[in-house]
Amino acid sequence: SQAIMLESFPPHERGQAMALWGLGIVVAPIFGPVLGGWLTDDYSWRWVFYINIPVGIAALLLIRRYVFDPPYIRRESSRIDYLGLILMIVGIGALQIALDQGQEEDWFASDWITAMITVAGIALTALVIRELRVRFPIIDLRIFKELTYTTGVVLITMMGFVLYGSMVIFPILLQTLLQYPPLQAGIAMAPRGIGMLLITPLVGILIARIDARTLLASGFGIGAITLYWFSALNLNAGYWDFFWPQLIQGASFALLFVPLTTITMDPIPNETMGNATSIFNLMRNVGGSAGIAVGQTLLVRGRQRYINILGAHISAYDTAVQERLRQLQSAFAARGADPVTAAERAQGALWGTVQKQAAILTFNRSFLIFGMIMLVLVPLGYVMRRPRSGHRTMASE
C-alpha cells in the first residue's frame, strides 16, 4: 500500500499523500485497544483475531477491483529466486521465534534459542551473499548504496524498536500493577492514537513548508521527552497522568512517520519502489519484534534486580520495619485474624509492597532506556538528504 501511494503521486505531493495514508493507520491505536479490551471482557480474546476475517475479505475484493500494476513495471523474467526466498523465510522465521520465546527460555541458557539464533544468523548471512550475486534477487539489497535510504531504514528499525517495545509494556503496567480491566486499559491507551490523528494532517501541510528533517528531529526529541515523563510515574498515577504524555507521544510519532517515509523514499525511482518499501517495512517489524523482546526482558530481570536492592533494606531489626509490621498485624487482627495468622499476613503484605515498588521502578527504568534511545536518534535525520518533496523552493512549485 505504501509503494502504491508513493508511485501514484509526484515527489512534491508525496508528503501530503503519506499524511492522508497515515490517517488510516492512526485509526488502529485509537480503536484497536478499546475494541480489543471490549471483546476480551465481554466475549473472548479469540474474537480479536476473528474480526480480521471480514476485513480481509473486503480488502481482497477492493484490491481486485481497484489496484493495478503501473505500465512501467515489466515482467522481465518469470524466474523466481527460490533459494533466496527459502533463506529469507528460514532466517526471519528463526529470528522471530528466538525473539518471541527468548525470555521464557532464558535466552542463551536454552539450547533451543541458541539453535534458532544460529540458524537465523547463518540463513540471513547466506541470504545477503546470495542476493548480491544473483541476477534476479527476491530482494534487491543494492538499494542500500543510497545513504539516505540506508539511514532511513536504520531509523525506522529503531523507531519500531522503541514504539513496540514501549507499547507492549504499557498495558502490562496498567493491568498488573494498577489493576485496570482490559476495556479500561484500552481506553487509557487511546490518547496516543488521538494525538496522531490530530497532528498527522498538520504534518502533511508542514512538510511542504519546513525541512522534513527538522520535523523528524522534533519527533524523536518530543518522543524522548514523553518517555522520560513515563519514567517518573508511580503507583498513585491516575488516568490523566497517562493521558497527556500519551497524547503528546502520539503527536511525536506523527512527526516521525510521515517525514521519515517521505525522506527515505525520495531518492528511490518508481520502478524499485516496491522493493524499497518492502525492506523498509520489514525492518520496522523486525525492530518491533526486537523491542518487544527487550521490553519483556527488561521487566523480568529488572524486577528481580530491584527486589534484591529493596529487600536488602528490609531488616527485622529496623525500627521502621518493625513499626510497619505492627500496623499491618493490627489491621489484620482487627479483621478477625488470630495473632499468628495476622503476623504471617503482615509479612506477606510487606513483601507484596516490596514487589510492587520493585515493579514500578522496573517500568520506570524501561521507559527511560527507550527514551534515551530516542534521544540518540535526534541528529541522525540530518545525515539524509533534504527531499525534493519537502521544501517550498522546489522548481515544480
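The numbering scheme is per chain: residues are counted from 1 as the chain's sequence reads. Owing to the predicted nature of the model, reporting of local features is limited to residues with pLDDT of at least 70; listing and counting of side-chain atom pairs is limited to 80 or more, with chain, interface and lining totals taken over all residues. Hydrogens and water are ignored here; the side-chain numbers use all heavy atoms of the structure.

> So what exactly am I meant to see when it comes to the pattern of salt bridges here?
We count a salt bridge whenever a side-chain nitrogen from Lys or Arg sits within 4 Å of a carboxyl oxygen from Asp or Glu. One pass over the structure, following the stated rule, counts 7 salt bridges. Arg130 is paired through a salt bridge with Asp81; the nearest N and O atoms lie 2.9 Å apart. One end of the pair, Arg130, is in helix α6 (residues 111-133); the other, Asp81, is in the loop between α4 (52-66) and α5 (82-101), with 49 residues separating them in the sequence. The buried label goes to any residue with under 20% of its type's maximum accessible area, the exposed label to any with over 50%, and the partly exposed label to all in between, with areas taken from a 1.4 Å probe on protein chains only. Looking at Arg130, the relative accessible area reads 29%, which means it is partly exposed. A salt bridge links Arg385 to Glu146; the nearest nitrogen and oxygen atoms lie 3.1 Å apart. Remark: Glu146 occurs in the loop between α6 and α7 (147-177) and Arg385 occurs in the segment after α13 (339-377); sequence separation between them is 239 residues. Here the salt bridges do not stand alone but share partners, grouping Asp211, Arg213 and Arg386 into one network. Strands here are runs of E lasting at least two residues and helices are runs of H or I lasting at least four, both read from the DSSP assignment and numbered beginning at the N terminus.

> Help me understand the nonpolar core, please; the structure alone is not making it clear to me.
Taken as a class, soluble globular proteins show a tendency for nonpolar side chains to be buried jointly. Counting residues in hydrophobic clusters, the biggest one holds 59 residues, and the most contacted among them are Tyr149, Leu173, Leu174 and Phe242. Sorting the residues of this core by element identifies α1 (2-8), α2 (14-42), α7, α8 (182-206), α9 (212-230), α10 (239-265), α11 (273-311) and α13 as the ones contributing at least two each. In terms of residue count, α7 provides more of this core than any other element does, 13 residues in total. By definition, residues are in contact when any of their heavy atoms lie within 4.5 Å. If we ignore the near neighbours within four places in the chain, the residues touching Leu174 are Gln179, Tyr180, Ala185, Ala188, Met189 and Phe242. Core analysis: the next-biggest nonpolar cluster, separate from the first, contains 8 residues, Ala94, Ala98, Met116 and Ala293 among them. What we call a nonpolar core is a set of buried Ala, Val, Leu, Ile, Met, Phe, Trp, Tyr and Cys residues that are connected through their side-chain atoms within 4.5 Å.

> How do you make sense of unusual backbone geometry when you look at a structure like this?
What you tend to see is this: most non-glycine residues have negative phi, and most peptide bonds are trans. Phi at Trp107 is positive, roughly 50°, even though this residue is not glycine. One non-glycine residue, Gln179, lies in positive phi territory at about 60°. Within the fold, Gln179 resides in the loop between α7 and α8. Residue classification places Gln179 among the exposed residues on the basis of a relative accessible area of 58%.

> Honestly, the packing of aromatic side chains in this entry has me stumped. Any pointers?
Each aromatic ring pair is characterised by the separation of its centres together with the angle its planes make. Note on ring pairs: Phe, Tyr and Trp rings are taken, using the six-membered ring of Trp, and paired if centres are within 6.5 Å. Classes follow the plane angle, with under 30 degrees stacked, over 60 edge-to-face and the rest tilted. Following the criterion strictly, the structure yields 14 aromatic pairs and no others. Ring centres of Trp38 and Tyr43 lie 5.4 Å apart, and the angle between their planes is 80°; this geometry places the pair in the edge-to-face category. Looking at Tyr43, the relative accessible area reads 53%, which means it is exposed. A ring pair is formed by Phe170 and Phe230, whose centres lie 5.4 Å apart and whose planes are at 55°; its orientation type is tilted.

> What's the story with the environment of Val203 in this structure? I'm lost.
Tracing the backbone through its elements, the reader meets Val203 in helix α8. Take Val203: its relative accessible area is 0%, and that puts it in the buried class. Measuring from C-alpha to C-alpha, the distance between Val203 and Val258 comes to 7.3 Å, with 55 residues separating the pair along the chain. Ignoring anything within four residues of it in the chain, the contact list for Val203 reads Leu215, Ala254, Leu255, Val258 and Pro259.

> Teacher, can you tell me more about the confidence of the model for the protein here?
Low-confidence regions, as indicated by low pLDDT, have predicted coordinates that should not be scrutinised in detail. Counting all residues, the mean pLDDT for the protein is 85, and 94% of those residues have values of 70 or more. As a per-residue quantity, pLDDT reports the predictor's confidence and falls between 0 and 100. Below a pLDDT of 50 lies the segment residues 390-397, which in the model reaches 17 contacts outside its immediate sequence neighbourhood of four places, other chains included.

> Looking at this structure, how should I read the side chain of Arg192?
Its location among the elements puts Arg192 in helix α8. Sequence-distant contacts of Arg192, that is, excluding residues within four places in its chain, are made with Leu163, Ser166, Met167, Phe170, Gln246, Leu247, Gln249, Gly250 and Phe253.

> Would you mind going over the packing of α5 against α11 with me for this structure?
Axis angle and axis distance: for two packed helices, these are the angle between their axes and the distance between the axes, and together they describe the pair. Angles run from 0 to 180 degrees between N-to-C directions of axes, and those axes are lines fitted to C-alpha atoms, restricted for helices to the stretch in contact. Where α5 contacts α11, the two axes come as close as 9 Å, and the packing angle between them is 20°. With respect to α11, the axis of α5 lies roughly parallel. In the packing of α5 onto α11, the handedness of the crossing is left-handed. Seen from α5, the contacting residues are Ile92, Leu95, Gln96, Leu99 and Asp100; seen from α11, they are Val286, Ser289, Ala290, Ala293 and Gln296. Any angle between 65 and 115 degrees counts as roughly perpendicular, while under 35 counts as roughly parallel, over 145 as roughly antiparallel, and the rest as oblique. Take the far helix as the reference: if the near one is turned anticlockwise from it by less than a right angle, the crossing is left-handed, and if turned clockwise, right-handed.

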